[in-house]
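Here are the chains, one letter per residue:
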Amino acid sequence: GTSHLVNGLQSGTTYSYVVRAVSGATTSANSNVIDVTTVATSTTWNGTAWSNVDGPSATLDAIIAGDYNTATNGTFTAKSLTVNSGVFTVASGTSVTVENAVTSAGATSFIVKSGANLLQTSSAANTGVITVERESAQLVRLDHTLWSSPVATQKLFAFSPNTLITRFYTYATATNNYVNTGLSATTDFMVGKGYGVRAPNDHSTTPVTWLGTFTGVPNNGDVSFTLSTAGQGFNLVGNPYPSVIDAAAFVAANSARINGTLYFYAHTLTMSATGTFPTG
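As a starting point, this report considers the structure included with it. For clarity, every value in this text was computed on a predicted model and none was experimentally measured.

Attention now moves to the pairing of strand β9 (residues 81-85). Side chains on a regular strand alternate between the two faces of the sheet. Note that strand β6 (residues 61-65) and β9 share four bridges and pair parallel. Residue pairing for β9: Ala65 is matched across the bridge by Ser85. Strand direction decides the pairing type here: β9 and strand β12 (residues 102-104), joined by three bridges, are parallel. Paired with Thr82 across the bridge in β12 is Thr103.

Below, the structure is given as structure tokens:
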């Protein structure tokens, strides 16, 4: 005889079946009852609870179909993460770890708050746009700080539209200076590259933070950046991921290419129009 598995069975559920043989007009008696438990491959959040009660794991895909906030609903590790509906928020001070790909329904559906981390442990390609918020240190108008995009195809001017277009800078290794030539409203952040950006022209004249918002497909996997050895050999690079990185691990992994010293920018310096800083 032949047995068939009917489509639509629920994962993680035990089903019972019996077997009998058919030969022409003759049918045998039923066999003993046989129990089969289907294996769960995913769990879905409906806005209130996980379909499997316990939530996702490193071997279980997470599907979001309702509002979820890690501050109130908890952090987790998932095999993959798909946000279909609702708003999925990774709250400040929390992390979500995904073993494989992230799929988002749109920028307003998936938000990584400043101080939050979206961690991925493989080089899987992500799909769909998310929003990553990053808060600056305290700035006053005319202060500059350095930024690097954690998402793909984020445009410089769209990131800070109230900054004058002539106040976005790249770093020229050969001259040990910041320059703004070649940058325009259509220029994208290059993955792994750092940029100097002056505070918005309407920013406060007393020290306050500024919230930068990046929108795009989250960067993942290995990122390569070609270093220059011109001049003193300093290069301006930036964290390309929507999570923190381990500075010690970064230096160790690149020990054959860099001298092991990382320099961090003093954001309160005022840059001149030609990209230089006052001395003294």
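Another point: the packing of aromatic side chains. Under the counting rule described, the total for this entry stands at 19 aromatic pairs. On the basis of an interplanar angle of 80° and a centroid distance of 4.8 Å, the ring pair of Trp45 and Tyr68 is categorised as edge-to-face. Remark: Tyr68 occurs in strand β7 (residues 68-69) and Trp45 occurs in strand β5 (residues 42-45); sequence separation between them is 23 residues. Assigned by exposure class, Trp45 and Tyr68 land together as buried. Feature note: the residues Trp45, Trp50, Tyr68, Phe76, Phe88 and Phe110 constitute an aromatic cluster, connected by ring pairs. The cationic tip of Lys193 hangs over the ring face of Tyr195; the distance from NZ or CZ to the ring centre is 6.0 Å.

As enumerated under the stated definition, the model contains two salt bridges in all. Linking Lys113 and Glu133 is a salt bridge whose minimum nitrogen-to-oxygen distance equals 3.4 Å. Placement of the pair is Lys113 in the loop between β13 (110-112) and β14 (117-120) and Glu133 in strand β15 (residues 130-135), with a sequence separation of 20 residues. For Lys113, a relative accessible area of 31% corresponds to the partly exposed category. A salt bridge links Lys155 to Asp188, with the shortest nitrogen-to-oxygen separation between them at 3.1 Å. Of this pair, Lys155 sits in the loop between β16 (144-147) and α2 (156-159) while Asp188 sits in the loop between β18 (177-179) and β19 (195-198), and the two are 33 residues apart along the sequence.

The next point concerns the environment of Asn259. Mapping Asn259 onto the fold places it in the segment after α3 (247-253). Given the relative accessible area of 66%, Asn259 is considered exposed. A polar atom in the side chain of Asn259 sits 3.0 Å from the backbone nitrogen of Thr261.

Read from one edge of the open sheet, five strands run β7-β10-β13-β15-β20, paired in mixed fashion. Each having just a single partner strand, β7 and β20 (211-216) make up the two edges of the open sheet. The pairing of strand β10 (residues 88-90) with β13 spans three bridges and is parallel. When the sheet's bridge partners are listed, Phe88 is paired in β13 with Phe110.

Time to look at the sheet that holds strand β11 (residues 95-98). Ordered in space as β8-β11-β14, the three strands form an open sheet in which the pairing is parallel. Pairing within the sheet leaves two strands with one partner each, and these edge strands are β8 (77-78) and β14. Pairing analysis gives two bridges linking β8 to β11, with the strands arranged parallel. Note that in β11 the partner of Thr77 across the bridge is Thr97.

Among the surface-exposed residues, Leu227, Val237, Ile245, Phe250, Leu262 and Phe264 lie close enough to one another that they form a single nonpolar patch of about 530 Å² accessible area. Here Leu262 lies in the segment after α3.

Bringing the nonpolar core into the picture now. Generally speaking, soluble globular proteins have nonpolar side chains that are buried together. Membership of the largest hydrophobic core comes to 33 residues, with the highest contact counts inside it found for Ile64, Phe76, Leu81, Phe88, Phe110 and Val112. Counting residues per element, the ones that place at least two in this core are β6, β9, β10, β11, β13, β15, α2 and β19. Those residues in contact with Phe88 that sit more than four places away from it in its chain are Ile64, Tyr68, Phe76, Leu81, Val83, Val96, Ser109, Phe110 and Ile111.

Rules and cut-offs
- Residues numbered from 1 in each chain as written.
- Predicted model: local features only at pLDDT ≥ 70, side-chain atom pairs only at ≥ 80, totals over all residues.
- Heavy atoms only, no water.
- Pairing = 2+ DSSP bridges.
- Helix = DSSP H or I, 4+ residues; strand = E, 2+ residues; numbered from the N terminus.
- Phe/Tyr/Trp six-rings, centres within 6.5 Å; stacked < 30°, edge-to-face > 60°.
- Buried < 20%, exposed > 50% of the residue type's maximum accessible area, 1.4 Å probe, protein only.
- Lys NZ or Arg CZ within 6 Å of the ring centre and 35° of its normal.
- Salt bridge = Lys/Arg side-chain N within 4 Å of Asp/Glu carboxyl O.
- Polar contact = N/O pair within 3.5 Å; in protein donor to acceptor, adjacent residues only side chain to side chain.
- Patch = residues over 30% accessible without salt bridge, like charges linked within 9 Å, V, L, I, M, F, W, Y side chains within 5 Å.
- Areas by Shrake-Rupley, 256 points an atom, 1.4 Å probe, with all protein chains shown as cover.
- Core = buried A, V, L, I, M, F, W, Y, C linked by side-chain atoms within 4.5 Å.
- Contact = heavy atoms within 4.5 Å.

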